[in-house]
Amino acid sequence: MAQYNCLMCGQEFKSYNENAKYCSQTCKGTAYIKYQWKKCEQCGEEYKPRKASSKYCSLECSNIGRKNKSADKQSDCISVPFE
Ligand SMILES: [Zn+2]
Ligand SMILES: [Zn+2]
């Protein structure tokens, strides 16, 4: 049995599992949600977001994405109905 530090809460725990990363199912679940892979809305690349609310893989993509979004908003003003 080896000792590990939980990647989520930092607490020390012991496990028989060599690949153990979390002290409990709760920490595992939280980590999964928090560090879930996301697809960048700009380039489509998969990345691990640092924030649950992030949408882009990099600052670059975020800048481009934001620019595109504001351009979308402008064209919305002359809106052509889709339906
Ligand atoms: Zn933990
Ligand atoms: Zn990207």
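Coordinates for the structure precede this section.
Residues numbered from 1 in each chain as written. Chains lettered and ligands numbered in written order. Predicted model: local features only at pLDDT ≥ 70, side-chain atom pairs only at ≥ 80, totals over all residues. Heavy atoms only, no water.

1. Examining the overall build of the chain
The criterion, for reference: Labels follow the DSSP assignment, with helices taken as runs of H or I lasting at least four residues and strands as runs of E lasting at least two, numbered in each case from the N terminus. Only protein chains enter the calculation, and the probe is 1.4 Å; a residue is then buried if its accessible area is under 20% of its type maximum, exposed if over 50%, and partly exposed in between. Per-residue and other accessible areas were derived by the Shrake-Rupley procedure at a 1.4 Å probe size, with only the shown protein chains allowed to occlude residues.
A count of helical and extended segments in the chain gives 2 helices and 4 strands. Along the chain, helices and strands appear, N-terminal first, in the series β-β-α-β-β-α. Relative to its full complement of 83 residues, the chain shows a buried share of 18%. Taken as a whole, the chain presents about 7300 Å² of accessible surface, with 51% of it coming from carbon and sulfur.

2. Here's the deal with the pairing of strand β2 (residues 12-15)
The condition is simple: Two strands qualify as a pair provided DSSP detects at least 2 bridges between them.
Covered by surrounding structure in β2 are Phe13 and Ser15 only, the residues Glu12 and Lys14 on the alternate face being uncovered. Pairing between strand β1 (residues 2-5) and β2: 4 bridges, direction antiparallel. Paired with asparagine 5 across the two strands is glutamate 12, which belongs to β2. The hairpin turn running from β1 into β2, its antiparallel successor, is 6 residues long, and glycine 10 in that turn takes a positive phi close to 85°.

3. A closer look at the coordination of the zinc ion (ligand 2)
Applied cut-off: Keep in mind that water is not among the atoms, so a site may look incomplete; donors are the N, O and S atoms within 2.8 Å of the metal, or 3.2 Å for Na, K and Ca.
Only Cys40 (SG), Cys43 (SG), Cys57 (SG) and Cys61 (SG) from the protein coordinate the zinc ion (ligand 2), and they sit 2.3 Å from it. Between consecutive donors of the zinc ion (ligand 2), the numbers of intervening residues give the motif C-x2-C-x13-C-x3-C. Given the relative accessible area of 9%, cysteine 61 is considered buried.

4. Concerning the environment of tyrosine 4
Threshold: Residues are treated as being in contact if the distance between any of their heavy atoms lies within 4.5 Å.
Mapped onto the fold, tyrosine 4 is located in strand β1. Distance in space between the C-alpha atoms of tyrosine 4 and cysteine 23 is 8.3 Å, their sequence separation being 19 residues. With residues near it in sequence (within four places) discarded, tyrosine 4 still touches Gln11, Glu12, Phe13, Ser15, Asn17, Glu18 and Ala20.

5. Some details on the coordination of the zinc ion (ligand 1)
For clarity, the threshold we go by: In this scheme the shape depends on donor count and angles: four donors with every angle between 85 and 135 degrees give tetrahedral, four or six donors with opposite pairs above 155 degrees and others between 65 and 115 give square planar or octahedral in turn, and any other case is irregular.
Around the zinc ion (ligand 1), the donor atoms from the protein are Cys6 (SG), Cys9 (SG), Cys23 (SG) and Cys27 (SG), and they sit 2.3 Å away. Because the angles between the 4 donor atoms bound to the zinc ion (ligand 1) fall within 105 to 117°, the donor set is best described as tetrahedral. Each donor residue of the zinc ion (ligand 1) belongs to the same chain, with the gaps between them written as C-x2-C-x13-C-x3-C. Of this pair, cysteine 9 sits in the loop between β1 and β2 while cysteine 27 sits in helix α1 (residues 25-34), and the two are 18 residues apart along the sequence.

6. Examining the nonpolar core
Most often, soluble globular proteins have nonpolar side chains that are buried together. The cut-off we apply is this: Buried residues of nine kinds, namely Ala, Val, Leu, Ile, Met, Phe, Trp, Tyr and Cys, make up a nonpolar core once their side-chain atoms join them within 4.5 Å.
Core analysis: the biggest nonpolar cluster contains 5 residues, these being Tyr4, Cys6, Phe13, Ala20 and Cys27. Other than its neighbours up to four places away in sequence, alanine 20 contacts Tyr4, Phe13 and Ser15.

These figures come from the coordinates and say nothing about function on their own.
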